[in-house]
Amino acid sequence: MDWLQRMNHAIDYIEDNLENNIDYEQIARIALCSVYQFQRMFSFVLEIPLSEYIRRRRLTLAAFDLQNKTNKVIDIALKYGYETPESFSRAFQNMHGMTPTSARNAGSQLKAYPRISFQIILKGVVGMNYRIEKRDAFQVFGVEDIYNFDDIANQQGVSIPEVWQNICKNGEFDRLRQSVTGDWWREGNFSNEIGAVFAYDSYKFTSKTTFPYLIGCYKSENSKVDGYTVVDVPASTWAVFSTLDDGNGSGNYDLRSLKNRIFSEWLQTSKFNVLDGGNFEMYCTNEDGFEYCELWYRIEEKQIG
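Cut-offs and rules
Residues numbered from 1 in each chain as written. Predicted model: local features only at pLDDT ≥ 70, side-chain atom pairs only at ≥ 80, totals over all residues. Heavy atoms only, no water. Helix = DSSP H or I, 4+ residues; strand = E, 2+ residues; numbered from the N terminus. Expected span 1.5 Å × (residues − 1). Buried < 20%, exposed > 50% of the residue type's maximum accessible area, 1.4 Å probe, protein only. Polar contact = N/O pair within 3.5 Å; in protein donor to acceptor, adjacent residues only side chain to side chain. Core = buried A, V, L, I, M, F, W, Y, C linked by side-chain atoms within 4.5 Å. Arc of directions from axis to C-beta. Contact = heavy atoms within 4.5 Å.

## Topic: helix H3 (residues 35-46)
Taking 1.5 Å per residue as the helical rise, H3 with its 12 residues ought to reach 16 Å, and the 16 Å between its terminal C-alpha atoms agrees with that figure. The buried fraction of H3 is high, at 11 of 12 residues. With a side-chain oxygen lying 3.0 Å from the backbone nitrogen of glutamine 37, the N-terminal cap of H3 falls on serine 34. Backbone geometry just after H3 places glutamate 47 at a positive phi near 60°.

Dropping the structure here:
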């Protein structure tokens, strides 16, 4: 219930400030988490990025304001955070399919996105398998780039799936695997079914809306890391979740659904908090040749009182 209250109070703040500057740090303080964690929880649970929700709510209210023909378009644009009528018109047309001026016409078909709220939903019928792992500090290396939440929300720039496709096409994936010698997963004390390449989200913000994402490998003494980014991973306790079906061992790559359940079900009823500092998507193949994914989250026990 505390989590529900915090999330709804955060939504209250957003709704109260749709006509003002919305401070992401204040949202995080209300929700008692970091800016990055709030954005991740929001997108995993609601399947829409925070920035996109704010944009849709503002443009929904802007459409209502346009029904009053005495309101000037420039005034409505400024009211909802757009610096020019042109930028407002582009955003409005992308969502509503028409210009702000056309939206004034009687019979115009517009879109409305209502305010969201977090509520108790009866879940838990389907069990969630997880394990807790403790790991000493280690290093990873690979190809790292900086991504922007807003770009991802608005489908701008190169997406993370496209980066995976590119490194597979241009041979970088194979070069990464060749940079690892020996049984690197055993050297790193990972389970022996984990494959050679994974994604690491290191949570090192360059700003409030950007984050680094690394596609790489565990660094052993024999790894060839020239030309790659090397990242230190601190000693941590990890909660590990797998997409592997218990029944027949076939892979299940519905990562969005698994992440949704981790944040909306497991995390809210467990005794742990997810920490900033990194999480992994490990792409695995077991001894039977089945491919699946493991999600590793750094955790700590919740403080009572």
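Still more ground to cover, so stick around.
## Things to note about the nonpolar core
In terms of nonpolar packing, the biggest core is built from 40 residues, with Ile14 and Ile27 touching the most fellow members. Those elements that provide at least two residues to this core are helix H1 (2-16), helix H2 (24-31), H3, helix H4 (50-66), strand E6 (236-242), helix H12 (255-269), strand E7 (272-285) and strand E8 (291-301). When residues of this core are assigned to their parent elements, the largest contribution, seven residues, is made by H1.

## Description of helix H6 (residues 85-96)
Under the 1.5 Å per step criterion, the end-to-end length of H6 is 16 Å for 12 residues, consistent within 8% with the ideal 16 Å. Within the sequence span of H6, burial applies to Phe88, Ala91, Phe92, Met95 and His96. Burial along H6 is one-sided: seen end-on, the buried residues are contained in an arc of 110°. Exposed positions of H6 whose direction lies more than 90 degrees from the buried face are Arg90 and Asn94. In the core, the buried residues of H6 are packed alongside H4, helix H5 (73-79) and helix H7 (100-103).

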